[in-house]
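Residues per chain are reported as follows:
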Number of protein chains: 4
Amino acid sequence: MLKQKGIDAQYELIGAGISGNKVYDLYLRMDSDVVMKNPDVVFIYIGVNDVWHKSTSGTGTDAVKFERFYTAIIKKLKEKNARVILCTPATIGEKKGYTNQQDGDMNYYSEIIRRIAGGNNCQVVDLRSIFHEYDERNNPENKDRGILTTDGVHLNSAGNKLVAEKMLDAIMTR
Amino acid sequence: MLKQKGIDAQYELIGAGISGNKVYDLYLRMDSDVVMKNPDVVFIYIGVNDVWHKSTSGTGTDAVKFERFYTAIIKKLKEKNARVILCTPATIGEKKGYTNQQDGDMNYYSEIIRRIAGGNNCQVVDLRSIFHEYDERNNPENKDRGILTTDGVHLNSAGNKLVAEKMLDAIMTR
Amino acid sequence: MLKQKGIDAQYELIGAGISGNKVYDLYLRMDSDVVMKNPDVVFIYIGVNDVWHKSTSGTGTDAVKFERFYTAIIKKLKEKNARVILCTPATIGEKKGYTNQQDGDMNYYSEIIRRIAGGNNCQVVDLRSIFHEYDERNNPENKDRGILTTDGVHLNSAGNKLVAEKMLDAIMTR
Amino acid sequence: MLKQKGIDAQYELIGAGISGNKVYDLYLRMDSDVVMKNPDVVFIYIGVNDVWHKSTSGTGTDAVKFERFYTAIIKKLKEKNARVILCTPATIGEKKGYTNQQDGDMNYYSEIIRRIAGGNNCQVVDLRSIFHEYDERNNPENKDRGILTTDGVHLNSAGNKLVAEKMLDAIMTR
């Protein structure tokens, strides 16, 4: 997308996400993996595993601790004067009408992130709302996967494209 | 309420609910506790623990098995020519906007019950929708309890009254 | 084994196990799948999923309800004068020294089964103890699978052979 | 105990434990709560909630991450030249014969801690083994609490005394 817009020379993109990470995993490795690279802009996109692992292995993250680690991460990045943009977690299951098992919790953790953003003057890419609205309009058969994800959680190409567009919008908006 | 309407002489009410029960617990004891009493009308009001215990002790009920036992219960009651009225589970937490941890699962299990009702020609007292709409209108501070429940799950007097009204409506409607 | 002993003409073997079943699933289908076949001998081999699903999907079985359904199953079989032989659940993980996640719970549910056997005058094939002792002696590298199971839970051919031997011993012992 | 031995003037004791903490909670606050106090000796006593919360709220800690955070904590303390003494988590339930629900997991996380101790040349106060052996000898009625704990988890005065004795032994041993 940056290339299409002819602005790719202005940006260097560094991926730092690791599969299976929860919020405290980010905190543990943020010095070496993020801070030391002196980023201008940092997207924080975390929360799916913090909710999901409650059901799949009993190792999710308590909401109060999710907020505490999330806030600690932002504090460290702000000290380095990075511009921090928060993403709400997109989805676990694509059924409509908030009937996916973790929808309530996903909505709650997204609320926490929006509140943290407000308190820290951060932009939000509200993937939770974006994915929900997309699925409500584009999932006539009420499938649990296959619209924006391959398995309900991991993004397919349509999902990746949607996230990229919204992230680019956020970068461009000040 | 029956007394207020002067029709209490026409009804005998028999409580058969037991705290902590899940759908299979009903099945195990329905012969002795329900069928042998030759009821004319049976309300089935189950599902909260089937969802809730997933989070609190790892002993909730898989959705597919919830449906299987629920259907087996209805079949036994229909064989006795009882009129069967199904209730969706009311609530686990009273926060608005589907942000209670189990809201997604509660919505899903309620959908299952509505579908079973359709397939078995049963009335539904849709407590799930009734409580949700009530809380959306009557919980301006977005509390997690105290509107229709004492603790988010167990009904307070307002909750009990609401359920009683809706059950009476259902009995009167044919 | 029956053929090797030249006694296979005296036995008809009927499998009634279904993958993923917990104790209450047995109860739901025992009339059609077991009782109606008028068995002389019935092996009950249940409990792994009742423990395991607590961790993998939050849908295991409370110990008190495990015992209640188990006892109800035996009662139905005894009424039909079947000889009932109880098996304790073998294993979830094959590491030594009781270091598999569910070892404590597996030991506890096995204790419940042994107690039920005592109270109902049933034989026990104590697979829990048999597998534990086997793994303690035959797992020098302390692997979590591959000795008597393929994946820690499902039996490999050595595991199946061991179970068959112990079941045959039990049938022959009166 | 220090007073009884007449050596209390040589020691200043600083408590830094917080109820409900898991290993990553220690990591988050160790700079302010421990490192800044320049301790000579640090006891790390963590792990019960990392295991227990898997069952009670689905928010325990994966074993691999438990080890990762634990090691990161030791590394920080070693950099400050603190003498670090590791405690294995004592108990969740006091029944004998490894029949408490979390016994397998508690044994496993204790193994991890002993291995970390070996790799980092740290002393271990092996509360897991100490409590197990004590309960095997002193719990003739096989109760789940009341020997060294009030509720199976939180220590009673006998439990606290036992821990204090073993910690003092460890301090004195070099």
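These numbers were taken from a predicted model, which means no experiment stands behind them.

Topic: unusual backbone geometry
Item 1. Phi at Asn81(C) is positive, roughly 60°, even though this residue is not glycine.
Item 2. Inspection of the secondary structure assignment puts Asn81(C) in the loop between α3 (63-79) and β2 (83-87).

Some remarks on the environment of Thr149(D)
All names here are of chain D.
Item 1. Tracing the chain through its elements places Thr149 in the loop between α5 (127-138) and α6 (157-172).
Item 2. The buried category is assigned to Thr149, whose relative accessible area is 0%.
Item 3. Spatially, the C-alpha atoms of Thr149 and Lys80 are 34 Å apart, while their sequence positions differ by 69 residues.
Item 4. In contact with Thr149, not counting residues within four places along its chain, are Thr91, Glu94, His154, Leu155 and Asn156.

Some remarks on the state of the cysteines
Item 1. Evaluation of the coordinates by the stated rule reveals 0 disulfides over all chains.
Item 2. Take Cys87(B): it sits in no disulfide, and the sulfur closest to it among the cysteines is that of Cys122(B), at 11 Å.

Observations regarding the interface of chain A and chain D
Item 1. Each partner contributes residues to the interface: chain A has 19 residues there, and chain D has 19 residues.
Item 2. Overall, the association of chain A and chain D removes approximately 1500 Å² of surface from exposure, summing both partners, and the carbon and sulfur fraction of that is 58%.
Item 3. For the chain A face of the interface with chain D, the top three residues by lost area are Tyr24(A), Leu28(A) and Lys65(A), together amounting to 36%.
Item 4. One can count 4 salt bridges joining chain A with chain D.
Item 5. The closest approach of N and O atoms between Asp62(D) and Lys22(A), which form a salt bridge, is 2.7 Å.
Item 6. Here chain A is connected to chain D by 12 residue pairs in polar contact (both at pLDDT 80 or more).
Item 7. Put simply, the parts of the chain that give the side of chain A that touches chain D at least two residues each are α1 (23-33), α2 (48-56) and α3 (63-79) of chain A.
Item 8. When grouped by side-chain class, the residues that make up the side of chain A that touches chain D number 5 nonpolar, 8 polar and 6 charged.

Concerning α2(A)
Item 1. With respect to burial, α2(A) is a largely interior element, 7 of its 9 residues being buried.
Item 2. Among all positions of α2(A), only Val48(A), Asn49(A), Asp50(A), Val51(A), His53(A), Lys54(A) and Ser55(A) are buried.
Item 3. Summarising the contacts, the buried residues of α2(A) are in contact with α1, α3 and α4 (103-120) of chain A together with α2 (48-56) of chain C.
Item 4. At the exit of α2(A) stands Gly58(A), carrying a positive phi of roughly 70°.

Examining the sheet that holds strand β3 (residues 123-125) of chain C
Residue and element names in this part refer to chain C.
Item 1. One open sheet accounts for 3 strands, arranged β1-β2-β3; its pairing is parallel. Looking at the sheet topology across the chains shown, the edges are occupied by β1 (41-45) and β3. In this sheet, adjacent strand axes meet at a mean angle of 30° when their direction is disregarded.
Item 2. In the sheet, β2 pairs with β3 via 3 bridges, with the strands oriented parallel. Bridge assignment links Leu86 to a residue of β3, and that residue is Val124.

As for the pattern of salt bridges
Residue and element names in this part refer to chain B.
Item 1. One pass over the full model with this rule turns up 44 salt bridges over all chains.
Item 2. In this structure, the salt-bridge partner of Glu165 is Lys161, at a minimum N-O distance of 2.8 Å. Of the two residues, Glu165 and Lys161 both sit in helix α6 (residues 157-172), 4 residues apart, roughly one turn of that helix.
Item 3. When its relative accessible area of 29% is taken as the criterion, Glu165 is described as partly exposed.
Item 4. For Lys161, a relative accessible area of 49% corresponds to the partly exposed category.

Quick word on the side chain of Arg128(A)
Item 1. The residue Arg128(A) is located in helix α5 (residues 127-138) in this model.
Item 2. Beyond its immediate chain neighbours, meaning those up to four positions away, Arg128(A) contacts Thr88(A), Pro89(A), Ala90(A), Thr91(A), Tyr98(A), Asp103(A), Met106(A), Asn107(A), Ser110(A) and Arg114(A).

A short note on the sheet that holds strand β3 (residues 123-125) of chain D
All names here are of chain D.
Item 1. Read across the sheet, 3 strands follow the order β1-β2-β3 without closing on themselves; strand pairing throughout is parallel. A strand with exactly one partner marks an edge of an open sheet, and here the two such strands are β1 (41-45) and β3. Geometrically, the sheet is characterised by an average inter-axis angle of 30° between neighbouring strands, direction not taken into account.

Some remarks on the relation of the copies chain A and chain B
Item 1. Once chain A is rotated about the relating axis by 180° and shifted along it by 0.0 Å, it coincides with chain B to within an RMSD of 0.0 Å. What the rotation and shift describe, once combined, is the action of a two-fold rotation axis. Considering only C-alpha atoms, the residue of chain A closest to the rotation axis is Gly104(A), which sits at 2.6 Å.

Section: empty space enclosed by the protein
Gaps left between atoms show up when a probe the size of a water molecule is rolled over them.
Item 1. By the definition in use, this model includes 5 cavities of 30 Å³ or more.
Item 2. Within this model, the largest cavity holds a volume of roughly 450 Å³.
Item 3. Lining the largest cavity are 34 residues, with Lys54(A), Lys54(B), Lys54(C), Gly58(C) and Lys54(D) positioned closest to its centre.
Item 4. Broken down by secondary-structure element, the contributors of at least two residues to the lining of the largest cavity are α2 of chain A, α2 (48-56) of chain B, α2 of chain C together with α2 (48-56) of chain D.
Item 5. Residues of the lining of the largest cavity, tallied by class, amount to 4 nonpolar, 22 polar and 8 charged.

Notes on the packing of aromatic side chains
Item 1. All told, the structure shown has 30 aromatic pairs over all chains when counted by the stated rule.
Item 2. Taking 6.0 Å as the distance between ring centres and 90° as the angle between the ring planes, the aromatic pair formed by Tyr108(B) and Tyr109(B) counts as edge-to-face.
Item 3. Looking at Tyr109(B), the relative accessible area reads 0%, which means it is buried.
Item 4. An aromatic cluster is present here, built from Tyr24(A), Tyr27(A), Phe69(A), Tyr24(D), Tyr27(D) and Phe69(D) joined pairwise through their rings.
Item 5. Sitting above the plane of the Tyr108(D) ring, Lys95(C) keeps its charged end 3.5 Å from the centroid.

Thoughts on the relation of the copies chain A and chain D
Item 1. For the pair chain A and chain D, the best superposition has an RMSD of 0.0 Å and corresponds to a rotation of 180° with a translation of 0.0 Å parallel to the axis.
Item 2. By residue overlap, the copies meet face to face through one surface: 100% of the interface positions of chain A are interface positions in chain D.

Here we look at the interface of chain A and chain B
Item 1. Counting from both sides, the interface comprises 13 residues of chain A and, opposite them, 13 residues of chain B.
Item 2. Of the roughly 1000 Å² buried where chain A meets chain B, counting both sides, 47% is carbon and sulfur surface.
Item 3. Of all residues in chain A, the largest losses of buried area upon contact with chain B belong to Tyr98(A), Thr99(A) and Gln101(A), amounting jointly to 43% of the total for that side.
Item 4. Summed over the shared surface of chain A and chain B, the number is 0 salt bridges.
Item 5. Scanning the region where chain A abuts chain B turns up 4 residue pairs in polar contact (both at pLDDT 80 or more).
Item 6. Here the element with the most residues in the side of chain A that touches chain B is α4(A); it accounts for 6 residues.

Parameters at a glance
- Residues numbered from 1 in each chain as written.
- Chains lettered and ligands numbered in written order.
- Predicted model: local features only at pLDDT ≥ 70, side-chain atom pairs only at ≥ 80, totals over all residues.
- Heavy atoms only, no water.
- Helix = DSSP H or I, 4+ residues; strand = E, 2+ residues; numbered from the N terminus.
- Buried < 20%, exposed > 50% of the residue type's maximum accessible area, 1.4 Å probe, protein only.
- Contact = heavy atoms within 4.5 Å.
- Disulfide = S-S within 2.5 Å.
- Buried area = accessible area lost by both parts, 1.4 Å probe.
- Salt bridge = Lys/Arg side-chain N within 4 Å of Asp/Glu carboxyl O.
- Polar contact = N/O pair within 3.5 Å; in protein donor to acceptor, adjacent residues only side chain to side chain.
- Nonpolar A, V, L, I, M, F, W, Y, C, P; charged D, E, K, R; others polar.
- Pairing = 2+ DSSP bridges.
- Axes fitted to C-alpha atoms, helices over the stretch in contact; angles between N-to-C directions.
- Least-squares fit on C-alpha atoms with pLDDT ≥ 70 in both.
- 1 Å grid on protein atoms, 1.4 Å probe; cavity = no way out; pocket = protein on both sides within 12 Å on 5 of 7 lines; lining within 4 Å.
- Points joined across faces, edges and corners; volume = space filled by probe spheres on them.
- Phe/Tyr/Trp six-rings, centres within 6.5 Å; stacked < 30°, edge-to-face > 60°.
- Lys NZ or Arg CZ within 6 Å of the ring centre and 35° of its normal.

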